[in-house]
Amino acid sequence: MTAQAAEQRELAVVIGLEVHVQLETATKIFCGCSTRADEDEAPNTRTCPTCLGLPGALPVLNEGAVEAAVKIGKALSAEIPEQTTFHRKNYYYPDLPKNFQLTQYDAPICADGSLEISVEGTRRSIGITRAHLEEDPGSLQHKGGSIDTADYTLVNYNRAGTPLVEIVTEPDFRSPAETRAFLAKLEEVLAYLGVFDATRDGSLRVDANISLVDAEAVAEDGSISDEALESANRTEVKNISSHKGAEKALAYEVTRQKNAIQRGRVIEQETRHWDETRGITVSMRSKEAEKDYRYFREADLPPLEVSDWKAKIPIPELPDARRDRFASEYGLDGESASKLTSTKAVADFFEDVAESFDPDLAATWVADNLLGELNYRDMEVTDISDRLEEFTTLISLVDADEVTVKNAEEIVLRSMLDEGDDPETIIDREGLGKADDDAIGAFVTEAIEENPDAVEDYHNGEDGALNFLVGQVMQKSRGSADPGTVNALLQDELA
Amino acid sequence: MSYNIFLNEEQIDGAADGPLSEMTIAIKDNISTEGVATTCGSNMLASYVPPYDATVVSKIKDAGATIVGKVNMDEFGMGGTTETSAFGPTKNPVDPERVPGGSSGGSAAAVAAGKADLAIGSDTGGSVRNPAAFCGVVGIKPTYGLVSRYGLIAYANSLEQIGPLANSVEDAARLLDVISGQDPHDGTTRSQGDNSAYADAADGDVSGMTIGVIRELFDGADKRVVETVEQSIEALESQGAETIDVSLASLEHAVQAYYVIAMSEASSNLARFDGVRYGLSGGYDGNWNETFADAREEGFGDEVKRRILLGTYALSAGYHDKYYKKAQDARAWVRQDFDNAFSDVDVLASPTMPVLPPKLGESLSDPLQLYLMDANTVPVNLANLPAISVPAGEADGLPVGLQLIGPQFGEESIIRAASAVEN
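Residues numbered from 1 in each chain as written. Chains lettered and ligands numbered in written order. Predicted model: local features only at pLDDT ≥ 70, side-chain atom pairs only at ≥ 80, totals over all residues. Heavy atoms only, no water.

What follows covers the interface of chain A and chain B. At the interface, 32 residues of chain A touch 38 residues of chain B. Around 2800 Å² of area is buried between chain A and chain B when both sides are counted, 56% of it from carbon and sulfur atoms. For chain A, the biggest contributors to the area lost against chain B are Pro55(A), Tyr92(A) and Phe296(A); these three give 23% of the whole. Seen at the junction of chain A and chain B, the total is 1 salt bridge. Here Arg149(B) and Asp300(A) are joined by a salt bridge, their closest N and O atoms 3.0 Å apart. Here chain A is connected to chain B by 18 residue pairs in polar contact (both at pLDDT 80 or more). When residues of the side of chain A that touches chain B are traced back to their parent elements, those giving at least two are strand E3 (87-90) and strand E7 (139-143) of chain A. Considering only residue class, the side of chain A that touches chain B consists of 19 nonpolar, 7 polar and 6 charged. (Contact = heavy atoms within 4.5 Å. Buried area = accessible area lost by both parts, 1.4 Å probe. Salt bridge = Lys/Arg side-chain N within 4 Å of Asp/Glu carboxyl O. Polar contact = N/O pair within 3.5 Å; in protein donor to acceptor, adjacent residues only side chain to side chain. Helix = DSSP H or I, 4+ residues; strand = E, 2+ residues; numbered from the N terminus. Nonpolar A, V, L, I, M, F, W, Y, C, P; charged D, E, K, R; others polar.)

Okay, here's the thing in structure tokens:
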């Protein structure tokens with residue numbers, strides 16, 4: 001094809017993902033060691049003969065990890081097999097204690113699922129090819145250089161044996177934005193299931209396969225023929241660790257591939273490394289002979305019957321169902337319901353608040369005020385998850401008329417987020433407590449004494465005079481008085 | 001006379017009281033002993049000291065036995081003569097010119113030489129029964145899943161079991177009572193051996209028992225062996241057992257299937273020995289892969305390298321279906337054949353070894369000849385069955401073993417039948 005012809009080609013983006021998720025189980029997948037890293041833990045201390053791969057040690061399957069995977073399978077509407085088995089994936093790498101990885105091959109715990117996403121108002125279903133369980137390797141620290149140039153490399157097996165689920169999607173993504181939406185949704189679903197902790201370092205690792213095909217090869221329903229897929233060279237982008245990172249890395253890769261194609265160049269089939277700090281992908285190795293992992297069944301782990309696990313293991317209400325329920329149960333509009341179910345932490349908090357207060361008040365405070373202020377500060381609700389009680393206190397102060405809505409929103413909430421104080425401290429410090437009737441009475445008397453002209457105007461029936469006096473009292477109370485109360489007191493006093 | 005039985009004679013005391021107190025026991029050096037070197041007969045593990053006890057070692061200590069040392073073996077269990085040990089061959093106490101069999105040659109020799117009352121071996125394709133036969137002692141290969149493998153350094157993990165050796169069937173059964181049972185550290189163990197009374201089954205009463213004689217396993221055997229074994233079977237008949245001939249067509253493929261599976265698993269099980277945490281000199285040049293290769297070149301013996309290479313090949317893309325998958329099919333067939341046979345018989349009988357113990361150095365030069373020596377023992381491992389080798393008599397002054405095979409978890413039947421051979 002000439003460069004000119006290439007330039008005129010309309011191209012469509014095809015992306016498939018492999019997502020590695022660390023499961024939040026108490027113990028590792030094949031031994032009793034904890035999965036939770038203590039702060040500043042010494043290397044190779046959270047280990048035992050099994051996860052160190054010592055000669056003679058055997059793996060025993062942690063059924064909790066299988067349960068978590070079954071929950072994921074249910075949430076992804078996937079098939080769960082009659083029984084599940086493990087295989088050895090054989091390759092030499094120093095972070096692998098046994099020089100093979102225990103993983104699943106022909107009987108993954110989940111197959112043929114899907115997950116719905118919404119991008120700019122369009123809903124799409126992303127196919128899940130499979131999800132399988134495997135063990136995380138240890139980690140390497142290269143000293144004095146990179147992996148190739150280091151003087152020496154230290155191995156830490158603390159992470160070895162942490163349960164992973166690898167979720168493999170169909171090549172169903174048509175834009176980097178869709179991958180971001182998918183990963184955010186997936187993280188949310190996993191958090192809802194209680195099987196995933198996003199705050200753990202390395203808890204989500206993504207590899208993406210991306211290629212560009214002729215736009216004509218894409219059918220109206222978005223499907224692409226196998227022929228078109230196979231004829232396009234693809235790159236695999238590794239080292240993506242967040243949904244935002246996925247969008248950035250893949251947007252970079254789309255541009256890079258488009259530019260190359262438009263210059264008449266062939267895309268090299270290769271693995272590329274996403275360099276987050278530089279915002280580019282870098283070639284890791286060009287296409288090498290396909291790796292031969294010599295998979296075979298692990299005899300040390302007998303097949304586990306799981307045919308009835310799908311029925312036996314309940315999963316909680318998922319984000320989409322919860323959004324619909326919020327709309328019907330609390331009478332919320334679609335936008336508020338979506339906002340309030342955007343993360344499990346927000347939705348849980350809203351339901352807590354809605355239990356004690358009017359749902360409309362709760363929705364306004366959580367969806368508009370709290371999320372709005374958090375968003376403005378580029379914060380997430382998880383950043384303040386240990387302070388949610390303070391926000392409940394603030395709402396109860398508003399509800400009980402102890403502070404005005406305006407002060408609560410504009411002063412108390414903002415300084416809670418900016419300064420980290422609790423609402424009572426801020427109200428006391430700023431003198432924002434709603435003045436009691438005695439105090440207001442005193443301000444009323446003062447205002448009448450100080451403004452004889454206005455009093456006279458009032459008695460002469462001038463409309464604006466009362467409003468002026470109300471304003472004077474409000475000023476004296478620094479906004480803490482309720483205007484209705486002031487109005488009534490003034491009329492009584494002047495009668 | 002030194003038979004080169006022990007690799008390490010460090011004594012490990014057991015509990016003050018227990019079913020095996022007053023007994024001494026030798027442990028094969030591929031079974032982990034906390035704080036005591038466990039070499040697998042390999043230079044690769046010459047300085048490896050496990051930080052934990054194998055489950056069988058804990059049970060033996062609790063039972064009050066005194067461990068008198070760790071004993072020699074073919075390197076990583078790969079051999080049938082104990083000559084592939086990196087620490088030199090063990091001599092057969094019956095005739096020091098000859099091999100003691102293997103790979104648990106040190107275990108059988110320790111019992112035969114009176115260095116220990118009992119011994120622990122491991123049997124992947126005959127490694128307990130073969131040396132028991134050659135040294136004239138009793139050896140049991142339990143049903144897969146009866147005895148925990150936790151702490152047994154794996155050669156071929158789908159095939160092997162830890163098993164007892166002793167001078168009598170009853171003593172071997174007593175040791176089996178101690179080591180059998182479900183273990184939370186080994187997911188393949190089953191509960192059948194939890195409250196066993198195998199020693200009680202050594203009552204010598206075979207009246208009414210049906211013994212199937214596997215004709216195929218007599219065909220290629222040494223005439224002197226066949227004669228001795230047939231005499232011992234006739235002795236059982238005279239005690240009231242009934243014998244019938246059975247034929248298991250699948251057995252002609254057993255050796256090939258066994259070696260493909262065992263070598264394939266070995267190529268993976270031994271992958272961890274890459275010089276990072278195990279090995280000799282270290283400090284090799286080159287990238288990781290080159291360093292790993294150098295460490296393995298230096299640390300492993302020839303037979304181990306041969307099996308790792310063949311196993312890697314058998315699992316490789318393009319060959320996997322031709323070798324590994326086909327071997328698994330053959331394994332399923334062998335299992336099926338045995339299942340069918342046990343619908344007619346209580347136990348099956350054959351010579352344990354088709355030959356008399358070879359002289360030292362005689363068989364090592366021809367690996368294929370060595371592999372064919374396993375023809376009678378490997379089918380049992382392929383089918384996950386229990387089997388015992390019991391002395392059947394002598395030929396030319398050398399011991400001959402009778403092998404009795406039972407159905408899954410049918411340890412009592414083979415112990416009963418074997419105890420009658422001793423009558």
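Residues and elements named next belong to chain B. Here the structure, examined in full by the defined rule, presents 22 aromatic pairs over all chains. Measuring from ring centre to ring centre gives 5.8 Å for Phe76 and Phe300, while their planes differ by 75 degrees; the resulting arrangement is edge-to-face. Of the two residues, Phe76 is situated in the loop between strand E3 (66-71) and helix H2 (105-112) and Phe300 in the loop between helix H8 (288-299) and helix H9 (302-315); the sequence distance between them amounts to 224 residues. Exposure remark for Phe76: the relative accessible area of 2% places this residue in the buried category. Taking relative accessible area as the criterion, Phe300 reaches 5% and is therefore assigned buried. Arranged with centres 4.9 Å apart and planes meeting at 85 degrees, the rings of Tyr258 and Tyr259 form a pair that is edge-to-face. Comparing Tyr258 with Tyr259 shows no difference in burial state: the two are buried. (Phe/Tyr/Trp six-rings, centres within 6.5 Å; stacked < 30°, edge-to-face > 60°. Buried < 20%, exposed > 50% of the residue type's maximum accessible area, 1.4 Å probe, protein only.)

Further remarks concern helix H10 (residues 359-376) of chain A. In an α-helix, one full turn covers 3.6 residues, which means residues spaced three or four apart are oriented alike. All names here are of chain A. Across its 18 residues, H10 extends 24 Å between first and last C-alpha, which sits within 8% of the 26 Å expected from 1.5 Å per residue. Of all bends in H10, the biggest is about 25 degrees, found at Trp365. By the burial criterion, the buried members of H10 are Leu361, Ala362, Ala363, Trp365, Val366, Ala367, Asn369, Leu370, Leu371, Glu373 and Leu374. Turning to H10, the residues buried within the fold contact helix H8 (334-340), helix H9 (344-356), helix H11 (388-399) and helix H12 (405-419). Positive phi appears at Asp378, one or two residues downstream of H10, with a value of about 55 degrees. (Expected span 1.5 Å × (residues − 1). Bend = angle between axes of the 7 residues up to and from the residue.)

All names here are of chain B. Residue Ser103 is reached from Gly102 by a cis peptide bond, and omega for that bond is 5 degrees. Take Ser103: it is sitting in the loop between E3 and H2. Of note, the phi angle at Phe76 is positive, near 55 degrees, even though the residue is not glycine. In the Ramachandran plot, Thr82 falls in the positive-phi region, its phi being about 65 degrees despite a non-glycine side chain. Here Thr82 is to be found in the loop between E3 and H2.

A few words on the sheet that holds strand E9 (residues 347-351) of chain B. Two pairing modes exist for strands in a sheet, parallel and antiparallel, and in both the strands are linked by backbone hydrogen bonds. Residue and element names in this part refer to chain B. Spatially, the 11 strands line up as an open sheet ordered E1-E3-E2-E4-E6-E5-E10-E11-E9-E7-E8, and their pairing is mixed. One side of each edge strand has no neighbouring strand; the edge strands of this open sheet are strand E1 (6-8) and strand E8 (242-246). Ignoring strand direction, the axes of neighbouring strands in this sheet form an average angle of 35 degrees. As defined by bridge partners, strand E4 (residues 118-123) adjoins strand E6 (residues 161-166) across 6 bridges and the pair is classed as antiparallel. Its bridge partner lying in E6, Gly121 is registered against Gly163. (Pairing = 2+ DSSP bridges. Axes fitted to C-alpha atoms, helices over the stretch in contact; angles between N-to-C directions.)

When cut into domains, chain A gives domain 1 (3-312) and domain 2 (437-494). A separation of 69 Å is found between the C-alpha centroids of domain 1 of chain A and domain 2 of chain A. (Domains from an automatic or database assignment.)

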